[in-house]
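# Observations on the three-dimensional arrangement
Residues per chain are reported as follows:
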Amino acid sequence: VVAQLARPCADAYLAWIGVALAGGLEVPLNVGLTPDLLAAILRDARPRVLVADADLFDGVRDTLAACTDLKLIILRGGGEGAARVGNVPVVTLDELPVQTSGLRDPEPRDTACVLYTSGTTGTPKGVLVPWAMFSSATSMVPPDLLGDAIYAPWPVFHVTGKSCVVQMAACGGRVVTRDTVSTSRFWADVRRYRCTHAVIGFVVPILERAAPTPQDADHALRSVVMGPLVPDVEAFSRRFGVRVVVVYGSTEMGFPLVLRENVDNRYAGTTAARERPGYHTRVVDENGEPVPDGSTGELQVRADAPEVMAVRYLDGGAVPRVDGWFPTGDAFHRGEDGLLWFDGRLGERIRRRGENLSALDVEAAALEHADVVEAAAFGVPGEPDDEIHLVLVPGRAGARPDDVHDWLTTRLPKFMWPRYLTVRDSLPKTATHRIRKSELATLAPVSEAWDAERRRR
């Protein structure tokens, strides 16, 4: 097992491919994780080798010291060799010999990498992602729309970042990477590198709010992936001269749904897509029984080729199946034309800054605060995905929303920071003392909550 702590770059992707050819497992790490969450993943993954960007290394040195399985640390892009972390030697990439023997091409069922996702359980789980899942992504967007260059400012630990590389490898195209997702340099990068395709969920609100200019369609983009769709997707397509594609998927199941043709205002403001060839879907109620078309239930997915979906987690546990169907945890309904419409998320999952996270993680961090007795976190509509609303019951000393928020920013990665905080005397509960989160949106509206964005303005 080889862990990698890296920002997106050619060397990071080459390291991924190299580990795979050598028969190893690459575990890309989220560079924004706090020490506690990073330590938890390292304990689970038990890597023997860590490849790290030199400028990220010092920030994780203390965490690595407790990683007992680690045998070697390799620094890329600077740093000094002949050092140690505990008993673990630290070398630079230049000090390692080049080895080409013993390499083999992976099979479709082989594991391409281990991607960690918090999902709905509150505990990060390492998904063994098969190569076939990534190769299936090559048919999501047809060549005439894909072109020869993807703009991919996505991290190496994210399924989108990996998929973009495979898509371009299949057609001999280019991938334009960036250290971070940046809305301010989106157009400059797209125009400079003549990008023909991009996944643009992160930048859609900025593009839509900006005043129209004659240069809006002055670029090489042919298509963009968006979800959910903007309210007037037809005007967006005309203004920027692009075709809009809708894709739905996850780390465990890949990308089973897509909409490429006639993406117009019938689908505005939501996510609607069709089954891709080779995938099958059903919408079921809480008892697992299919619901009629037009009724909302949980979307479940299976594939003709099992290897295009993840089967197991790194800890040995099986990816959940119900009679062979993967339960997505998302609510959908099927229209009369067979189109599947996304109606929201089931359970405790929150979609924030492109990441699926658990409310339990946010609540657990809040409860570590000395002046917080109870906490409930849930998602509320935002742009382009959810915002987090955290409702607190204070202790005797009281708990000010701004103080709790500042405290949480030192303990949670940025995509898990709550935007809204509300302090209440009590939380609504069931007879078995479970918090009734369905009532909190009414009892604690965001219009009356403390707002971190308002403070920053």
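These lines cover the structure that appears in this document, whether it is placed above or below. Position labels on residues start from 1 in each chain and follow its written sequence. Local features in a predicted model are, by the rule used here, given only for residues with pLDDT of at least 70; side-chain atom pairs are given and counted only at 80 or more, and totals for whole chains, interfaces and linings are based on all residues. Heavy atoms from the whole structure form the basis of all side-chain values; hydrogens and water molecules are not counted.

### A short note on the overall build of the chain
- Secondary structure counts use DSSP, requiring at least four H or I residues in a row for a helix and at least two E residues in a row for a strand, with both numbered from the N terminus. From N to C terminus, the chain includes 13 helices and 25 strands.
- The globule rule used here is 2.2 Å times the number of residues to the 0.38 power, and the radius of gyration it is set against is calculated over C-alpha atoms. Relative to the compact-globule value of 23 Å for 457 residues, the chain shows a C-alpha radius of gyration of 23 Å, a close match.
- For the C-alpha atoms alone, the extent of the chain along its principal axes is close to 60 × 60 × 50 Å.
- Only protein chains enter the accessibility calculation, which uses a 1.4 Å probe; a residue is then buried when its area is under 20% of its type maximum, exposed when over 50%, and partly exposed in between. With 457 residues in all, the chain has 51% of them scored as buried.
- Using a 1.4 Å probe, accessible areas were evaluated by the Shrake-Rupley method; residue-level cover was limited to the displayed protein chains. For the chain, the exposed surface amounts to about 21300 Å²; the carbon and sulfur share of it is 50%.

### Things to note about the pattern of salt bridges
- We define a salt bridge as a side-chain nitrogen of Lys or Arg found within 4 Å of a carboxyl oxygen belonging to Asp or Glu. Throughout the structure, instances matching the rule amount to 20 salt bridges.
- Ionic pairing is found between Arg104 and Asp110, a salt bridge with its closest N-O pair at 3.3 Å.
- Taking the relative accessible area as the measure of exposure, Asp110 reaches 22% and is therefore partly exposed.
- Taking the shortest distance from any N to any O, the salt bridge between Arg419 and Asp451 comes out at 2.9 Å. Separated by 32 residues along the polypeptide, Arg419 in the loop between helix H11 (401-408) and strand E24 (420-423) and Asp451 in strand E25 (residues 450-451) bring together distant segments of the chain. Residues Arg419 and Asp451 agree in their burial class; the two are buried.

### A word on the pairing of strand E14 (residues 254-259)
- Among the six residues that make up E14, six are buried, leaving the element largely enclosed by the rest of the structure.
- Two strands make a pair as long as DSSP finds a minimum of two bridges between them. Alignment of strand E13 (residues 243-250) against E14, held across four bridges, turns out to be antiparallel. Among the inter-strand pairings, Tyr248 is bridged to a residue of E14, identified as Leu257.
- Bridge analysis of E14 against strand E15 (residues 272-275) gives two bridges, and the strand direction is antiparallel. Across the sheet, Leu257 pairs through a bridge with Glu275, a residue of E15.

### A few points about the side chain of Thr251
- Here Thr251 shows up in the loop between E13 and E14.
- Overall, the relative accessible area of 14% leaves Thr251 in the buried class.
- By definition in these notes, contact holds between two residues if any of their heavy atoms fall within 4.5 Å. Residue contacts for Thr251: discarding those within four places in its chain leaves Leu115, Thr117, Val127, Val129, Met133 and Val159.

### Section: the packing of helix H2 (residues 35-45) against helix H3 (residues 54-65)
- The convention used is that axes are lines fitted to C-alpha atoms, helices contributing only their stretch in contact, and that angles between N-to-C directions extend from 0 to 180 degrees. Running from N to C, H2 and H3 cross one another at 50°; their axes reach a closest spacing of 10 Å. As far as their axial angle goes, H3 and H2 are oblique. The element H2 and its partner H3 pack so that their crossing is right-handed. Within the contact between the two elements, H2 uses Pro35, Leu38, Ala39 and Leu42 and H3 uses Val60, Thr63 and Leu64. Working definition: roughly parallel below 35 degrees, roughly antiparallel above 145 degrees, roughly perpendicular at 65 to 115 degrees, and oblique for all remaining angles. Here a crossing is taken to be left-handed if its near helix is turned anticlockwise relative to the far helix by less than a right angle, and right-handed if that turn runs clockwise.

### A short note on the sheet that holds E24
- An order of E22-E23-E24-E25 is seen for the four strands of this open sheet, with the pairing classed as mixed. Of all the strands in the sheet, the pair left with one neighbour each is strand E22 (372-380) and E25.
- Where E24 lies against E25, two bridges are found, and the strand directions are antiparallel. If you follow Leu421 over to E25, its bridge partner there is Trp450.
- The strands that helix H10 (residues 359-367) touches are E22 and strand E23 (387-394); relative to E22, the one it contacts most, it runs at about 150°.
- Strand contacts of H11: E22, E23, E24 and E25, with the helix running at about 130° to E24, the strand carrying the most contacts.

### Overview of the side chain of Gln167
- On the secondary structure map, Gln167 appears in helix H6 (residues 159-171).
- Any pair of N or O atoms that falls within 3.5 Å is considered a polar contact. Within protein, one atom must be able to donate a hydrogen and the other to accept it, and sequence-neighbouring residues count only if both atoms are side-chain atoms. Looking at Gln167, its side chain comes within polar contact range of the main-chain oxygen of Ala137, at 3.3 Å.
- Every residue in contact with Gln167, bar those within four places of it in the chain, is listed here: Ala137, Thr138, Met140, Val141, Leu146 and Ile150.

### Quick word on unusual backbone geometry
- Residue Arg194 is not a glycine yet carries a positive backbone phi of 50°.
- Mapped onto the elements of the fold, Arg194 is located in the loop between helix H7 (186-192) and strand E11 (197-199).
- The class of Arg194 is exposed, set by a relative accessible area of 53%.
- Non-glycine residue Asp323 carries a positive phi angle of around 55°.
- Looking at the secondary structure, you find Asp323 in the loop between strand E17 (297-303) and strand E18 (326-334).

### Describing the packing of aromatic side chains
- Ring geometry is summarised as follows: Phe, Tyr and Trp rings, the Trp one being its six-membered ring, pair when their centres sit within 6.5 Å, and such pairs are stacked at plane angles under 30 degrees, edge-to-face over 60 and tilted between the two. Taken as a whole and judged by the stated rule, the model has eleven aromatic pairs.
- When the ring of Trp131 is compared with that of Phe134, the centres are 6.4 Å apart and the planes differ by 65°; the resulting orientation is edge-to-face. Of this pair, Trp131 and Phe134 both sit in helix H4 (residues 131-136), separated by three residues, roughly a single helical turn. One exposure class covers both Trp131 and Phe134, and it is buried.
- Ring centres of Phe236 and Phe240 lie 4.8 Å apart, and the angle between their planes is 50°; this geometry places the pair in the tilted category. Remark: Phe240 and Phe236 occur in helix H9 (residues 233-240); sequence separation between them is four residues, near one turn of the helix.

### Describing the sheet that holds strand E2 (residues 26-28)
- One open sheet accounts for six strands, arranged E2-E1-E3-E4-E6-E5; its pairing is mixed. Both edges of this open sheet fall to E2 and strand E5 (83-85), since each of them pairs with a single strand only. Within the sheet, the average angular offset between the axes of one strand and its neighbour, ignoring direction, is 25°.
- In terms of strand pairing, E5 meets strand E6 (residues 88-92) through three bridges, oriented antiparallel. When the bridges of E6 are listed, Arg84 appears paired with Pro89.

### As for the environment of Ala170
- When you line up the elements, Ala170 lands in helix H6.
- You can call Ala170 exposed: its relative accessible area is 56%.
- Sequence spacing of Ala170 and Arg192 is 22 residues, and the spatial spacing of their C-alpha atoms is 23 Å.

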